Amino acid sequence: MTPILVLVPEERGVSALAQVPNVCAVVYDPESRRLPDIACDAEVLVAHRFDPADAGPLFAQLPRLRMVQLFSSGVERWTNVVPDGVRVSNADRAHGGAVAEWVVAQLLAHVRDLAGYRIKQQEQRWQAHPTGTLSDKRVLVFGAGDIGENLRRRLEPFGCTVTLVGRTARAGVMDVERGRAELGDQDVVILALPLDDSTVHLVDAVFLATMKDGAVLVNAGRGELVDTEALLAATREERVYAILDVTDPEPLPADHGLWTAPGVVVTPHAAGITDDVRDRCWAAAVRKIAAYADGTDGSRVAVSR
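What counts and what doesn't
Residues numbered from 1 in each chain as written. Predicted model: local features only at pLDDT ≥ 70, side-chain atom pairs only at ≥ 80, totals over all residues. Heavy atoms only, no water. Disulfide = S-S within 2.5 Å. Helix = DSSP H or I, 4+ residues; strand = E, 2+ residues; numbered from the N terminus. Buried < 20%, exposed > 50% of the residue type's maximum accessible area, 1.4 Å probe, protein only. Polar contact = N/O pair within 3.5 Å; in protein donor to acceptor, adjacent residues only side chain to side chain. Contact = heavy atoms within 4.5 Å. 1 Å grid on protein atoms, 1.4 Å probe; cavity = no way out; pocket = protein on both sides within 12 Å on 5 of 7 lines; lining within 4 Å. Points joined across faces, edges and corners; volume = space filled by probe spheres on them. Nonpolar A, V, L, I, M, F, W, Y, C, P; charged D, E, K, R; others polar. Salt bridge = Lys/Arg side-chain N within 4 Å of Asp/Glu carboxyl O.

1. Focus: the state of the cysteines
Following the criterion strictly, the structure yields zero disulfides and no others. The cysteine C40 is free of any disulfide, with C24 supplying the nearest cysteine sulfur at 13 Å.

Written as structure tokens, this is what we have:
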């Protein structure tokens with residue numbers, strides 16, 4: 001059987017995929033789009049370090065391509081870019097734990113007012129003040145996938161009541177319509193949904209007005225899930241707090257209002273960037289490519305040689 005040719009963006013991919021039967025990994029240069037001579041036989045491309053909007057010329061050189069493997073959880077920037085017949089595979093189960101950890105860290109910093117104590121340290125003031133706690137907080141998570149499940153496992157030990165919201169209702173998960181109806185009772189609302197036509201600006205002026213006064217909105221999904229102007233208006237009224245790892249626009253321009261809006265914390269899409277991020281990405285890529293190679297994911301179609 002002829003091995004499946006996989007193009008990888010770094011030498012590490014060759015060693016990572018060496019364990020997968022019937023797969024041959026070859027390195028390409030993602031920055032110059034320079035492909036090895038045998039690339040025309042490639043069925044799988046591990047896409048990293050280039051903009052999908054510029055991928056057209058690369059795809060034109062890959063007539064046998066059947067799968068694009070990403071290092072990200074989101075696929076929305078690729079789905080309308082790849083040629084017909086090519087599937088986009090995300091790094092599912094790679095980032096949920098790290099992103100959930102970031103959310104918990106931010107919520108703890110918020111409720112225990114660690115920023116306020118840092119200011120007192122800088123002023124050399126030994127002065128305690130009462131803060132909140134995560135105990136007994138009601139948390140609504142829009143997103144019942146890897147991030148949502150990791151959030152539930154991490155927040156419940158703090159005494160939080162965590163409710164997951166998905167596209168469709170199922171055991172332990174309510175649908176989006178029901179989730180919106182629950183907003184007024186929630187202390188924390190976390191966004192971890194994929195971005196598509198149905199979720200763009202899910203958080204609009206009506207959504208924000210329905211939230212409880214003093215509640216915290218956390219966006220760990222995609223920036224476009226939130227109507228930025230509506231969020232700015234709500235934070236200027238000091239009705240809600242916002243903790244954002246993603247924004248719209250992104251990157252956030254230096255003079256954008258979100259940087260200085262009252263009650264807003266911004267990090268630069270860094271929730272999943274930990275010192276083991278490359279290990280997690282390659283582990284996911286190996287798992288997904290192995291499933292493609294042995295046909296267990298049901299997606300492989302024979303390619304004539």
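2. Side note on the side chain of R239
Inspection of the secondary structure puts R239 in the loop between α8 (228–236) and β11 (241–244). Classification of R239 as buried rests on a relative accessible area of 19%. Engagement of the side chain of R239 in a polar contact is seen with the backbone oxygen of L208, the distance being 3.0 Å. If we skip the residues at most four places from it in the chain, R239 touches L208, A209, M211, K212, D213, G214, A215 and A234.

3. Digging into unusual backbone geometry
Of note, the bond from D248 into P249 is cis; its omega dihedral lies within 30 degrees of zero at 10 degrees. Following the sequence through the fold, P249 ends up in the loop between β11 and β12 (264–266). One non-glycine residue with positive phi stands out, namely H201, at about 55 degrees. One can find H201 in the loop between β9 (188–191) and α7 (205–210).

4. Here we look at the layout of surface pockets
Each pocket or cavity is described by its volume, and for the second largest pocket that value is around 230 Å³. Considering the residues around the second largest pocket, the lining is formed by Q106, A109, H110, D113, L114, A115, Y241, A242, I243, G263, V264 and V265. Broken down by secondary-structure element, the contributors of at least two residues to the lining of the second largest pocket are α3 (96–111), α4 (114–122), β11 and β12. The class makeup of the residues in the lining of the second largest pocket is eight nonpolar, three polar and one charged.

5. Brief notes about the pattern of salt bridges
Per the counting criterion, the structure on display carries 17 salt bridges. Across the salt bridge formed by K288 and D92, the nearest N and O atoms sit 3.2 Å from each other. A residue pair is termed long-range when its members are at least 10 positions apart, and K288 in helix α9 (residues 277–294) and D92 in the loop between β5 (87–89) and α3 qualify at 196 residues. A relative accessible area of 24% places D92 in the partly exposed class. The network of salt bridges with common partners includes D92, R93, R287 and K288.

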